[in-house]
Amino acid sequence: MAPPPTAVESSINFEGHPTIKSNQDPLVQQLSLKEDTVIRHNAPPPTLYEDGLLEKGTTISSTGALMAYSGKKTGRSPKDKRIVDEETSTQNVWWGPVNKQVDELTWKISRSRALDYLRTRDKLFVVDAFAGWDPRYRLKIRIICARAYHALFMTNMLIRPTPEELENFGEPDFTIYNAGQFPANVFTKGMSSSTSVEINFKDMEMVILGTEYAGEMKKGIFTLLFYIMPIKYKILTLHSSCNQGVDNGDITLFFGLSGTGKTTLSADPHRKLIGDDEHCWSDNGVFNIEGGCYAKCLDLSAEKEPEIFNSIKFGSILENVVYDPVTKVVDYEDSSITENTRCAYPIDFIPSAKIPCLADTHPSNIILLTCDASGVLPPVSKLTNAQVMYHFISGYTSKMAGTEEGVTEPQATFSACFGQPFLVLHPMKYAQQLSDKISQHKANAWLLNTGWVGSSAARGGKRCSLKYTRAILDAIHSGELSKVEYETFPVFNLNVPTSCPGVPSEILNPTKAWTEGVDSFNKEIKSLAGKFAENFKTYADQATAEVRAAGPEA
């Protein structure tokens, strides 16, 4: 029989990682913990599995993943995200619906509330790890939480330090206090619900109350980098996937909202995956922010996405999935809990991952992905610099039926810089940085439509074949698409190729592929152009005349 735990228990060593061993530890004193509090510090997955299985509803899948539930919140709560209004950052923050202000008194109340809750726990988890694969710019992140599920999630999603790096970790650059099981005080100034996710750039801390959804931690760090990297290092933070050619080492960035193919297209058997979601573009090249992947699992199969499917094994976490209670086999088609079922796993679970996840070269191609359900945008267009800025700021795609409650037919949606919920500065600042880097490094930029051709989704059109989309990408990467003839596509004034290897020429220009007559096409394209123009009004005052002119003729 094992001896009872000491006041601060030393977890099983994982590759020599140390643990907090004494109540005299500075962290223990800083938190003013109870004498009998057990702390797991950078605990290995087996230990976190043991602790996780004590949490309600947590079990192990048939493939060895830890299955956990995030409670009532099964997705992010963007309306409850708040930035502390303080003197060091207030002039830089893009205040408004994305970044809601909270005053410093409210912050102190929320922080105190979170710490008071954490102090009541018999067991706490501490994860020290890095954000950013480039050691010149990486940030030291500390997470303090009360659920093993949250600790394993962040162990997977951040870059795990070596034993030597952990021994010399020192004070963190940014700390997250995750007290998500405990509600925010709804009577505090500025609170709209019992959930609050607050970030303080002066104190370099984040507090989570009223939501146990693990993705809040991941995206809180992403928000931090959208502020710190441009302000402190003049580095561009991007919501993108990234891969690198095996033969010539060329880099491609993929931008796109949910459902556009960002993850699918970056997972190319002929290219190395640098990352699937969050990157920075510095003067030295591109580096992944994360040490793991957070993949959607709805309708996941070994046939469609084998690399993701095979990554769901011991050490990974499945979130809010439905499974057979006897066999523990997951039903990936069941969305009765949420359509936002997810799996978090270390990026080295992906065989094609490039470790370390960075490149000392600059992107050759920038791909802006959209899934246009109206069927009027070309499958591929070559963008001018001004058009890149316009479409990057617009961040257009079609939200498909079933993606959110109440969405019963395709809807046009816009998200600035393809990541509006995480932006801290005005979108034009990121767009200008991207434009400058494209010009400096002579990268080609493309608008790739993975949506419908021939007609709209509502009228029975067909989605562009993945085979054709991959053929277009292959032609981009080989350089062949830059050598063909182009023609001007009306209203949007896009440069459209007249031919592409492996792709029927008749689908390249929607005016020729449309099956329902000229009047129908003109009505549809004018409608979409009007939506672009209406959306861009929010950003027009800070855009140059050239960028404003790069939009469609509404």
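Residues numbered from 1 in each chain as written. Predicted model: local features only at pLDDT ≥ 70, side-chain atom pairs only at ≥ 80, totals over all residues. Heavy atoms only, no water.

S.K.: What am I meant to see in the overall build of the protein chain here?
M.R.: Within the protein chain one finds 14 helices and 30 strands. Against the globule reference of 24 Å for 554 residues, the protein chain gives a C-alpha radius of gyration of 24 Å, in line with a compact fold. When its C-alpha atoms are laid out on the principal axes, the protein chain stretches across 80 × 55 × 45 Å. Across the 554 residues that make up the protein chain, the buried fraction comes to 58%. In the protein chain, the proportion of contacts linking residues at least 24 apart, taken out of those at least 6 apart, comes to 72%. Between the mean site of the 55 positive side-chain charges and the mean site of the 65 negative ones, the protein chain shows a separation of 3 Å. (Helix = DSSP H or I, 4+ residues; strand = E, 2+ residues; numbered from the N terminus. Rg over C-alpha atoms; globule rule 2.2 N^0.38 Å. Buried < 20%, exposed > 50% of the residue type's maximum accessible area, 1.4 Å probe, protein only. Contact = heavy atoms within 4.5 Å. Lys, Arg positive; Asp, Glu negative; His and termini not counted. Charge placed at Lys NZ, Arg CZ, Asp CG, Glu CD.)

S.K.: Is there a simple way to explain empty space enclosed by the protein in this structure?
M.R.: Going through the model one piece at a time under the given rule, you end up with five cavities of 30 Å³ or more. Empty space within the second largest cavity amounts to approximately 50 Å³. Lining of the second largest cavity is provided by L369, T370, L377, H391, S394, Y396, F418, L447 and F532. Split by residue class, the lining of the second largest cavity holds six nonpolar, three polar and no charged. (1 Å grid on protein atoms, 1.4 Å probe; cavity = no way out; pocket = protein on both sides within 12 Å on 5 of 7 lines; lining within 4 Å. Points joined across faces, edges and corners; volume = space filled by probe spheres on them. Nonpolar A, V, L, I, M, F, W, Y, C, P; charged D, E, K, R; others polar.)

S.K.: Looking at this structure, how should I read the pairing of strand β9 (residues 196-200)?
M.R.: A regular strand places its side chains on the two faces of the sheet in alternate fashion. In terms of residue burial, β9 counts as a mostly covered element, since five of its five residues are buried. Covered by surrounding structure in β9 are S196, E198 and N200 together with V197 and I199, the residues of both alternating faces. The pairing of strand β4 (residues 81-84) with β9 spans three bridges and is classified as parallel. Residue pairing for β9: I83 is matched across the bridge by I199. One ladder, built from five bridges, connects β9 with strand β10 (residues 205-209); its direction is antiparallel. Residue pairing in the sheet places E198 in a bridge with V207 of β10. If you look at the hairpin formed by β9 and β10, you'll find four residues sitting between the two strands, and M204 has a positive phi there, around 55°. (Pairing = 2+ DSSP bridges.)

S.K.: Just checking my understanding: could you explain the nonpolar core for this structure?
M.R.: As a rule of thumb, soluble globular proteins bury nonpolar side chains together. If you look at the biggest cluster of nonpolar residues, it comprises 132 residues, and the most contacted ones within it are L318, F392 and F492. Counting residues domain by domain, this core receives three or more from each of domain 1 (37-235 + 295-349) and domain 2 (364-550). Sequence-distant contacts of L318, defined by excluding residues within four places in its chain, comprise S61, A65, L66, M67, A68, C297, I312, V330, Y332, R342 and C343. In this structure, V28, L115, Y117 and L124 belong to the second largest nonpolar core, which totals 22 residues. (Core = buried A, V, L, I, M, F, W, Y, C linked by side-chain atoms within 4.5 Å. Domains from an automatic or database assignment.)

S.K.: When you look at the domain arrangement of the protein chain in this model, what are you seeing that I'm missing?
M.R.: The domain boundaries assigned to the protein chain delineate domain 1 (37-235 + 295-349) and domain 2 (364-550). For domain 1 and domain 2, the distance between their C-alpha centres works out to 32 Å. Counting from both sides, the interface comprises 18 residues of domain 1 and, opposite them, 13 residues of domain 2. Buried area between domain 1 and domain 2, summed over both chains or domains, comes out near 1,400 Å², and the portion from carbon and sulfur atoms is 65%. Counting across the domain 1 and domain 2 interface gives zero salt bridges. Looking at the side of domain 1 that touches domain 2 element by element, the count peaks at seven residues for helix α6 (residues 215-233). Per-class residue counts for the side of domain 1 that touches domain 2 are ten nonpolar, three polar and five charged. (Buried area = accessible area lost by both parts, 1.4 Å probe. Salt bridge = Lys/Arg side-chain N within 4 Å of Asp/Glu carboxyl O.)

S.K.: Where do I start with unusual backbone geometry in this structure?
M.R.: For residues that are not glycine, phi is negative in most cases, and the peptide bond is trans in most cases. Across the junction of I355 and P356, the peptide omega takes the value -5°, indicating a cis bond. Located in the positive-phi region is C417, a residue other than glycine, with phi close to 60°. With respect to the helices and strands, C417 occurs in the loop between β25 (411-414) and α10 (427-441). With a relative accessible area of 3%, C417 lands in the buried category.

S.K.: Just to check I follow, could you spell out α10 for this structure?
M.R.: Think of an α-helix as 3.6 residues a turn; residues three or four steps apart then line up on the same face. Compared with an ideal rise of 1.5 Å per residue, which puts 15 residues at 21 Å, α10 spans 21 Å between its outermost C-alpha atoms and is within 8% of the ideal. Among the residues of α10, those classed as buried are P427, M428, Y430, A431, Q433, L434, S435, K437 and I438. If you follow the buried residues of α10, they end up packed against α6, β11 (236-245), β14 (278-282), β22 (363-370) and α9 (385-394). (Expected span 1.5 Å × (residues − 1).)

S.K.: Just checking my understanding: could you explain the state of the cysteines for this structure?
M.R.: Put plainly, a disulfide is one covalent bond tying together the sulfur atoms of two cysteines. Within the structure shown, the criterion is met by zero disulfides. No disulfide involves C371; its sulfur sits 10 Å from that of C464, the nearest cysteine. Classification of C371 by relative accessible area gives buried; the value is 1%. Left unpaired, C464 is separated from the closest cysteine sulfur, that of C500, by 10 Å. C464 gets classed as buried once you look at its relative accessible area, which sits at 7%. (Disulfide = S-S within 2.5 Å.)

S.K.: Just checking my understanding: could you explain the sheet that holds β10 for this structure?
M.R.: Strand pairs in the sheet, formed through backbone hydrogen bonds, run parallel or antiparallel to each other. Taken in spatial order, the eight strands of this open sheet run β1-β6-β7-β8-β10-β9-β4-β5, and their pairing is mixed. Two strands close off the open sheet at either side, each with one partner strand: β1 (38-41) and β5 (100-102). With strand direction ignored, the average angle separating the axes of adjacent strands in the sheet is 20°. Examined bridge by bridge, β1 and strand β6 (residues 123-131) share four bridges and lie parallel to one another. Along β6, the bridge assignment pairs I39 with L124. (Axes fitted to C-alpha atoms, helices over the stretch in contact; angles between N-to-C directions.)

S.K.: What is the right way to look at the side chain of S374 in this model?
M.R.: With respect to the element layout, S374 can be found in the loop between β22 and β23 (380-382). Among the polar contacts made by the side chain of S374, one reaches the side chain of D372 at a distance of 2.7 Å. With sequence-adjacent residues up to four places away left out, S374 is seen in contact with S455, S456, W514, E524 and L528. (Polar contact = N/O pair within 3.5 Å; in protein donor to acceptor, adjacent residues only side chain to side chain.)

S.K.: Help me out: how do you make sense of the packing of helix α2 (residues 45-52) against helix α4 (residues 148-157) in this one?
M.R.: Helix-helix packing is characterised by the crossing angle of the two axes and by the distance between the axes. Direction vectors running N to C along α2 and α4 enclose 155°, while the axes themselves pass 8 Å from each other. By the angle between their axes, α2 is roughly antiparallel relative to α4. In terms of crossing hand, the pair formed by α2 and α4 is left-handed. Across from P45, L48, Y49, D51 and G52 in α2, the residues of α4 making contact are A148, A151, L152 and T155. (Parallel < 35°, antiparallel > 145°, perpendicular 65-115°, else oblique. Left-handed = near helix turned anticlockwise from the far one by under 90°.)

S.K.: Would you mind going over the packing of α9 against helix α13 (residues 518-536) with me for this structure?
M.R.: For the pair α9 and α13, the least separation of the axes is 10 Å and the interaxial angle reads 80°. Here α9 lies roughly perpendicular to α13, going by the angle between them. Mapping the contact onto sequence places Y390, H391, I393 and S394 in α9 and F532, A533, N535 and F536 in α13. Considering only residue class, the contact of α9 with α13 consists of five nonpolar, three polar and no charged.

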